Amino acid sequence: MNLDDQTARLKKRGCCFRCLYTSHVSKRCKVRVNCENSGKRHHAVMCPNAKTDGYLCHKEANGVKNVEHFKTLPNPTCSSNVFLQTLVVLLRSENEDFAERALKDTRSQKSCIMKEATVKMNYIAVRETTLVHTLFGAADDRQRHLEYRIFVSDVRKKYHCTFNVLHQEKICSEIRLMPEGFFSKELEANGIDLTDKDYFPLCSSPIIHLLIGADIVGQLMTGKILNFSCGLTTIKTLFGWTLFGKSPSSSNSNSTMMVIDLLVNECIINDL
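Residues numbered from 1 in each chain as written. Predicted model: local features only at pLDDT ≥ 70, side-chain atom pairs only at ≥ 80, totals over all residues. Heavy atoms only, no water.

1. Quick notes on the overall build of the chain
The secondary structure content of the chain amounts to 5 helices and 16 strands. Within the chain, the proportion of its 272 residues that are buried is 45%. Considering only residue pairs separated by 6 or more positions, the chain has 63% of its internal contacts joining residues 24 or more positions apart. (Helix = DSSP H or I, 4+ residues; strand = E, 2+ residues; numbered from the N terminus. Buried < 20%, exposed > 50% of the residue type's maximum accessible area, 1.4 Å probe, protein only. Contact = heavy atoms within 4.5 Å.)

In structure tokens:
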């Protein structure tokens, strides 16, 4: 898609040509944005000097694209009674809001969104990034990702923010839903609503659509942490409460274990 097509699409959607947001025009835009190609006050996707391919903008020097190293560590082996930090958030656009499951994981340097969600939300990519995914300290293959700027809020719409994410075909294997458990009384006693438990019925599916990585997690922390007598821990974020830890329920030592790998391609063991 060339610049004229981009301009026509943004005009049809009522977006600012400078920052790509709605509700104002570029003449009244107060958002500080600088093009990484020309340094001027417009988004890279709207730069007339950029080489475009669809929605993509490439920044090249001496014919070589900028490459960023992206470190992603696999999750440790976990059984079905280990809870991960899942949330339910609202992915928002100018037309619709969708409740989707998100996973908070600080071992991923970048935040990511499933390609399926970008299509459903009709998000426009702001640029393309080439990353070198690293596994166990060794460089893996280079991968190209579209980068999107998304608008996210908590389910009650009391807090909202925008941040950049990379598109991914699949973020991780399916993560179990939060069950009704022995910790329910402690949640009730402390007035805690777990978003992935109380608001899951609003979600379109149990699949994780958003990975909130180390680049964003710190900005969402409130400092409120509660340790339950059962050994589980709850943390309050600006998107709501999340729970993690190992359930004290007994488990069979011969039970099948599952490893959830985030953003890691299948590898041959000799290549590691």
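From this point on, the discussion continues.
2. Comments concerning the sheet that holds strand β14 (residues 221-227)
By definition, the strands of a sheet pair up through backbone hydrogen bonds, in either a parallel or an antiparallel sense. If you trace the 4 strands from one edge of the open sheet to the other, you get β6-β16-β15-β14, paired in antiparallel fashion. Edge positions in the open sheet fall to β6 (82-83) and β14, since each of these has one partner strand only. One ladder, built from 4 bridges, connects β14 with strand β15 (residues 233-237); its direction is antiparallel. By the bridge assignment for β15, N227 is matched with T233. (Pairing = 2+ DSSP bridges.)

3. Section: the pattern of salt bridges
Pairing between side chains of opposite charge can happen when the charged atoms of each approach one another. Enumeration according to the criterion identifies 10 salt bridges in this entry. A salt bridge links R107 to D105, with the shortest nitrogen-to-oxygen separation between them at 3.0 Å. The partner of K197 in a salt bridge is D198, with the nearest N and O atoms 3.8 Å apart. The class of K197 is partly exposed, set by a relative accessible area of 21%. In this structure, a network of salt bridges that share partners links the residues R92, D97 and K157. (Salt bridge = Lys/Arg side-chain N within 4 Å of Asp/Glu carboxyl O.)

4. Topic: the nonpolar core
Soluble globular proteins tend to bury their nonpolar side chains together. In terms of nonpolar packing, the biggest core is built from 22 residues, with L91, I113, I150, F163, L210, I212 and F239 touching the most fellow members. Elements that contribute at least two residues to this core include exactly β7 (86-92), α2 (115-121), β11 (138-153), β12 (160-168), β13 (203-212) and α5 (214-220). Take this core: its biggest share by element is 4 residues, from β11. If we skip the residues at most four places from it in the chain, L210 touches V89, L91, R101, A102, L103, C112, I113, I150, F163, V165 and I171. (Core = buried A, V, L, I, M, F, W, Y, C linked by side-chain atoms within 4.5 Å.)

5. Some points on the packing of aromatic side chains
Overall, the coordinates contain 1 aromatic pair when judged by the stated rule. Looking at K120, its charged tip hangs above the ring of F98, at a distance of 4.7 Å from the centre. (Phe/Tyr/Trp six-rings, centres within 6.5 Å; stacked < 30°, edge-to-face > 60°. Lys NZ or Arg CZ within 6 Å of the ring centre and 35° of its normal.)

6. Overview of the side chain of D196
In this structure, D196 sits in helix α4 (residues 195-198). With a relative accessible area of 3%, D196 lands in the buried category. Separated by 2.6 Å, the side chains of D196 and T86 make a polar contact. Of note is the side chain of D196, whose polar atom sits 2.7 Å from the side chain of R101. For D196, the residues in contact, after removing those within four places along its chain, are T86, L87, V88, R101 and M178. (Polar contact = N/O pair within 3.5 Å; in protein donor to acceptor, adjacent residues only side chain to side chain.)

7. As for the confidence of the model for the chain
Chain-level pLDDT for the chain is 75 on average; 69% of the residues reach the 70-or-more range. In the model, residues 250-272 has pLDDT below 50 throughout and makes 42 contacts with residues more than four positions away in sequence or in other chains. (pLDDT = per-residue confidence, 0-100.)

8. Section: the environment of C35
In this structure, C35 sits in the loop between α1 (3-13) and β1 (51-53). Judged by relative accessible area, C35 falls into the buried class, the value being 4%. As a C-alpha pair, C35 and R18 span 17 residues in sequence and 9.6 Å in three-dimensional space.

9. Quick look at unusual backbone geometry
A positive phi is found at N122, a non-glycine position, where the angle reads about 60°. As for its position among the elements, N122 is in the loop between α2 and β10 (125-135). Taking relative accessible area as the criterion, N122 reaches 34% and is therefore assigned partly exposed. With phi around 60°, K157 is a residue other than glycine that occupies positive phi space.

10. Side note on the environment of D198
With respect to the helices, strands and loops of the structure, D198 is situated in helix α4. Taking the relative accessible area as the measure of exposure, D198 reaches 34% and is therefore partly exposed.

11. Thoughts on the pairing of strand β8 (residues 97-104)
Burial analysis of β8 places 6 of its 8 residues in the buried class, which makes it a mostly covered element. Pairing of β7 with β8 involves 7 bridges; the strand directions are antiparallel. Paired with T86 across the bridge in β8 is L103. Between the end of β7 and the start of β8, which pair antiparallel, lie 4 residues.

12. Concerning α1
Every buried residue of α1 is accounted for by Q6, R9 and L10. Each buried residue of α1 lies within a common arc of 95° when the element is viewed along its axis, so the set occupies one face. Across α1 from its buried face, at more than 90 degrees, point the exposed residues D4, K11 and K12. Looking at the residues trailing α1, positive phi occurs at G14, about 75°. (Arc of directions from axis to C-beta.)

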